[in-house]
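Results of the structural survey
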Number of protein chains: 2
Amino acid sequence: MKLSEIGEEKLIAKLLKTHKIPASAEYLPVGAGDDAAVISSGSACSYTIVATDMLSEGIDYRDDIITPYYLGWKSAAVNISDIAAMGGSPTWTLVSLGFKQDTEFDYLEAFYTGLTDCCSKYGSVIIGGDMNSVINENTISITQMGSIEPKLLIRRSGAEPGDLLFVTGYIGQSRAGLELLFKNGLQSVQSKYETLMKAHIMPIPRVYEANILAKTKMVKAMMDVSDGLGSDLPKLCSASGVGASVYAESICLSEDLKRAAQELKLNPLEIAISGGEDFELLFAAAPGDAASIIDIFSSSTDTPLHVIGEFTENGLSIIHSDGSKGNLVSGWDHFHNKNS
Amino acid sequence: MKLSEIGEEKLIAKLLKTHKIPASAEYLPVGAGDDAAVISSGSACSYTIVATDMLSEGIDYRDDIITPYYLGWKSAAVNISDIAAMGGSPTWTLVSLGFKQDTEFDYLEAFYTGLTDCCSKYGSVIIGGDMNSVINENTISITQMGSIEPKLLIRRSGAEPGDLLFVTGYIGQSRAGLELLFKNGLQSVQSKYETLMKAHIMPIPRVYEANILAKTKMVKAMMDVSDGLGSDLPKLCSASGVGASVYAESICLSEDLKRAAQELKLNPLEIAISGGEDFELLFAAAPGDAASIIDIFSSSTDTPLHVIGEFTENGLSIIHSDGSKGNLVSGWDHFHNKNS
């Protein structure tokens, strides 16, 4: 059977099962299956968080859609976001690059500038890596380390029925930016839809916001939206052993997204649900803590925060304003080659 | 200017310089430029070691030369070897795979079995990773973590003029195995030159040997031979600010290597010097400590240990049995696409 017939999630589940890759163990509070692994060896006052993410040319990015500077930024940002998703702070970055031999040094230089700019902004230092050559497609593999106080760590697994479902910022922005880039190219988008384009090529990892949320000690489960709400919420639910209902009208759509959807002749809500790479934080908290969380959050940052649904015993549905129920559409799957 | 015109080592040096990637810093006893980075944050009684290495299809391996099981083993081994090179013990492994969509699940399964077998043998646990799709060539990126007592850590930078140059095992074995595999294919080599073939497809990271050496506290500088003696010794010398003389007749050539070189019509000494991927340990120690090191080492392991030269004030040469001096030929460079 080919990998494309199995799909990314089932593939990982099969490997974890057969090879006994631990979900947690002594010295390993969080193993495979969360945004990042968490190691407790070392100091009692700090856990080490580790995440790794690969970007392949032609699959995860295209050089006609993203400049090398922003590709460098994004490569760091998507990994730093995984540290934020646990509530942690980035510390160290390792960079493995497989680049074609005829790559111009200026390209590599611009890539590295974007990468180090993003690392510096979020407090991470590049400490090593590997420089490789490849034949056809450039490949970027980053390993990001971080740290967190044990009592502040947020896993995917703590949501309970009745908890509210929160999301930071606006979702669907990155996907709308990508669709515009595909349609109109880098130059034309830049002036008209700068916010959406930036959401796609220069995503902002929510490190600061995650730190605020972790310190409230009221967030029960969290992850970042990397594959799209429709794909990531089921993962959060599965890890917590719960279901969820999303209220369609509570999903805040930005004015830019609505405008772009009209131009693209796409359904804005569908973009918001199926679009990945927003790197916003998706989290659960008890209804009784909602007011405090919103209060603390909004007094510390301008980043929007929305309650978009609630966790249930089981099932996953989207409830429209007329009361009708639908299935959440899924997001990105590397081996099913689809995004809807 | 293209990457192929610059070459791997100069490329890395340029990036480190422009982007101020630290060679060491507070909390970072070893940064970029050694076999692995070493982090001191956390416990006072243990440093964390981190290394990362990428393998690209068509460049670092070919599926007609290595089976998926051995590819998995080797992917883990080359990274674990970087931990050994610092004197450390492997702890955690992260695995990022970029595999084509039409890859058979059985291939991935065999790959993972080889990978986990190697990790288990050397005490490392897989704690996470990423599963990606690629268009043309499979890519494997491993990040390996390890630990070491601070006082036992061995850097590349401690060799002094007058120190002796040691190497474990036999070098050139992997390269000879590769040449035979290229010439005769996997099946015919298997029976006739099993040791050489195994050296190439199932390298043994010298974790046990490195631990013995670290505990003697007499090893002043160390690295693993991954790109070949002719390429790696200059790196050790450069990090230590010294030169070296290698005695050609002290380089122990295995009987298998001599036999293979005859069949391949190649110079066995040249294979030993230019051939990479042996993952033997190359290290420096004071002449006065040599007898103790050899005694401790040989009473703990059957792995051979040879003194093959000495460190000098500067320069790099090979001295032949007739007293004539030559230049060390260099090993593998990813961006000069050569191995001689």
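Scroll up for the structure.
Residues numbered from 1 in each chain as written. Chains lettered and ligands numbered in written order. Predicted model: local features only at pLDDT ≥ 70, side-chain atom pairs only at ≥ 80, totals over all residues. Heavy atoms only, no water.

What to know about the overall build of chain A
Quick reminder of the rule: Secondary structure elements follow DSSP: runs of H or I no shorter than four residues count as helices, runs of E no shorter than two count as strands, and numbering proceeds from the N terminus. With C-alpha atoms as the basis for the radius of gyration, the globule rule is written as 2.2 Å multiplied by the number of residues raised to the power 0.38. Per-residue accessibility, obtained with a 1.4 Å probe over protein chains only, is compared with the maximum for each type, and a residue is labelled buried under 20%, exposed over 50%, and partly exposed between these values.
When its secondary structure is counted, chain A shows eleven helices and twelve strands. For 340 residues, the compact-globule estimate of 2.2 N^0.38 gives 20 Å, and chain A sits close to it at 19 Å. Overall, the C-alpha framework of chain A stretches about 55 × 55 × 50 Å when taken along its three principal axes. For chain A, the proportion of its 340 residues judged to be buried stands at 61%.

A word on the relation of the copies chain B and chain A
Put simply, the second copy of the chain is the first one after a rotation about an axis and a shift along it. The test is simple: The copies are overlaid by a least-squares fit using only the C-alpha atoms of residues whose pLDDT is at least 70 in both copies. In what follows, a contact means two residues having at least one pair of non-hydrogen atoms within 4.5 Å.
With an RMSD of 0.0 Å, the fit of chain B onto chain A corresponds to turning through 180° and sliding 0.0 Å along the axis. Such values leave the two copies arranged in the relation of a two-fold axis. Interface overlap between copies: 100% of the residues of chain B at the interface are likewise at the interface in chain A, consistent with a symmetric, same-surface contact.

Overview of empty space enclosed by the protein
Note the cut-off: Cavities and pockets are defined on a 1 Å grid built over the protein atoms alone: a cavity is a set of grid points where a 1.4 Å probe fits but cannot escape, while a pocket is an open set with protein on both sides within 12 Å along at least five of seven lines, and lining residues are those with an atom within 4 Å of any such point. Grid points are joined across faces, edges and corners, and a volume is the space filled by probe spheres set on the points. When residues are sorted by character, Ala, Val, Leu, Ile, Met, Phe, Trp, Tyr, Cys and Pro go into the nonpolar class, Asp, Glu, Lys and Arg into the charged class, and all the rest, Gly among them, into the polar class.
Applying the stated criterion across every chain yields a total of two cavities of 30 Å³ or more. By volume, the largest cavity amounts to about 50 Å³. What lines the largest cavity is a set of 13 residues, and nearest its centre among them are V134, E137 and T139 of chain A together with E137 and T139 of chain B. By volume, the second largest cavity amounts to about 30 Å³. As for the second largest cavity, its lining consists of V167, G169, Y170, I171, I251, C252, H306 and I308 of chain A. Of the residues in the lining of the second largest cavity, the class split is six nonpolar, two polar and no charged.

Regarding the packing of helix α4 (residues 105–121) of chain A against helix α2 (residues 8–18) of chain B
To keep it simple, the criterion reads: Comment: axis = line fitted to C-alpha atoms, over the contacting stretch for helices; angle = value between 0 and 180 degrees taken between N-to-C directions. Working rule for angles: under 35 degrees goes down as roughly parallel, over 145 as roughly antiparallel, 65 to 115 as roughly perpendicular, anything else as oblique. Take the far helix as your reference; a near helix turned counterclockwise from it by less than a right angle gives a left-handed crossing, and one turned clockwise gives a right-handed crossing.
At their nearest, the axes of α4 of chain A and α2 of chain B sit 11 Å apart, and the two run at 40° to each other. Taken together, the axis directions place α4 of chain A and α2 of chain B in an arrangement best described as oblique. Taken as a pair, α4 of chain A and α2 of chain B cross one another with a handedness that is right-handed. Seen from α4 of chain A, the contacting residues are F105, L108, E109 and Y112 of chain A; seen from α2 of chain B, they are L11, K14, L15 and T18 of chain B.

A word on the sheet that holds strand β7 (residues 219–224) of chain B
Strand-to-strand pairing in sheets goes through backbone hydrogen bonds, with the strands running parallel or antiparallel. Residues and elements named next belong to chain B. Applied cut-off: Two strands pair if DSSP finds at least two bridges between them.
Read from one edge of the open sheet, seven strands run β7-β9-β6-β10-β8-β11-β12, paired in mixed fashion. Edge positions in the sheet fall to β7 and β12 (325–327), since each has one partner strand and no second. Across the sheet, the mean angle separating the axes of adjacent strands is 30° when strand polarity is ignored. Pairing geometry for strand β8 (residues 243–247) and strand β11 (residues 316–319), over four bridges, is parallel. Looking at the pairing, V246 lines up with I318 of β11. Where helix α8 (residues 229–240) meets the sheet, it contacts β6 (164–168), β7, β8, β9 (281–285), β10 (305–312) and β11, and its direction lies at approximately 140° from that of β7.

With respect to the side chain of D60 of chain A
Applicable threshold: Positive charges come from Lys and Arg, negative ones from Asp and Glu, while His and the chain ends are left out of the count. The rule for a salt bridge is simple: a side-chain nitrogen of Lys or Arg has to be within 4 Å of a carboxyl oxygen of Asp or Glu.
Here D60 of chain A shows up in the loop between β2 (47–56) and α3 (68–84). Of the side chains with opposite charge, K74 of chain A lies nearest to the buried D60 of chain A, which makes no salt bridge, at 8.2 Å.

With respect to the pattern of salt bridges
Two side chains that carry opposite charge are able to pair once their charged atoms sit near each other. On inspection of all chains with the given rule, the structure shows 36 salt bridges over all chains. Across the pair R62 of chain A and D64 of chain A runs a salt bridge whose closest N-O atoms are separated by 2.8 Å. Under the relative-accessibility criterion, R62 of chain A is labelled partly exposed at 35%. Look at D64 of chain A and you get partly exposed, because its relative accessible area is 46%. A salt bridge links R175 of chain B to E179 of chain B, with the nearest nitrogen and oxygen atoms 2.9 Å apart.

A few points about the packing of aromatic side chains
Quick reminder of the rule: Classification of ring pairs rests on two measures: the distance between centres of Phe, Tyr or Trp rings, Trp counted by its six-membered ring, which must be within 6.5 Å, and the angle between planes, read as stacked under 30 degrees, edge-to-face over 60 and tilted in between. In this scheme, Lys NZ or Arg CZ marks a charge over a ring once it lies within 6 Å of the ring centre and within 35 degrees of the ring normal.
Going through the model one piece at a time under the given rule, you end up with twelve aromatic pairs over all chains. When the centroid spacing of 6.0 Å and the interplanar angle of 65° are considered together, the rings of F99 of chain B and Y107 of chain B count as edge-to-face. Comparing F99 of chain B with Y107 of chain B, the two get one shared label, buried. Arranged with centres 4.7 Å apart and planes meeting at 5°, the rings of F166 of chain B and F283 of chain B form a pair that is stacked. Here F166 of chain B, found in strand β6, pairs with F283 of chain B, found in strand β9; they are 117 residues apart in sequence, far enough to count as distant. The exposure classification of F166 of chain B matches that of F283 of chain B, with both residues buried. The structure contains a cluster of three or more aromatic residues connected by ring pairs, namely F99, Y107, F111 and Y112 of chain A. Over the aromatic face of F105 of chain B sits the side chain of K14 of chain A, whose NZ or CZ is 4.6 Å from the ring centroid.

Some thoughts on the interface of chain B and chain A
As a reminder of what qualifies: Take the accessible area each of two parts loses on contact, using a 1.4 Å probe, and add the two losses: that sum is the buried area.
Listed by partner, the interface residues are 71 residues for chain B and 71 residues for chain A. Buried surface at the junction of chain B and chain A, both sides included, amounts to about 5,900 Å², of which 64% is carbon and sulfur. Three residues, M54, Q101 and F105 of chain B, lead the burial of chain B against chain A; their summed loss comes to 11% of the area buried on that side. The set of elements that each furnish at least two residues to the side of chain B that touches chain A consists of α1 (3–6), α2, β1 (37–39), β2 (47–56), β3 (89–100), α4 (105–121), β4 (125–134) and β5 (139–148) of chain B. It is β4 of chain B that provides the largest number of residues to the side of chain B that touches chain A, a total of nine residues.

Quick word on the sheet that holds strand β4 (residues 125–134) of chain A
Residue and element names in this part refer to chain A. Strand order across the open sheet formed by five strands is β1-β2-β5-β3-β4, with mixed pairing between neighbours. In this open sheet, the two strands that pair with only one neighbour each are β1 (37–39) and β4. Sheet twist, expressed as the average angle between the axes of neighbouring strands with direction ignored, equals 20°. Of the pairings in the sheet, the one linking strand β3 (residues 89–100) to β4 comprises nine bridges and is parallel in character. Within the sheet, the bridge partner assigned to T93 lies in β4 and is I126.

A short note on the packing of helix α7 (residues 207–216) of chain A against helix α11 (residues 290–300) of chain A
Residues and elements named next belong to chain A. Here α7 crosses α11 at 145°, and the two axes come no closer than 10 Å. Crossing angle aside, the handedness with which α7 passes α11 is right-handed. In contact with Y208, E209, I212, L213 and T216 of α7, α11 contributes I293, I296, F297 and S300. Its residues assigned to classes, the contact of α7 with α11 comprises six nonpolar, two polar and one charged.

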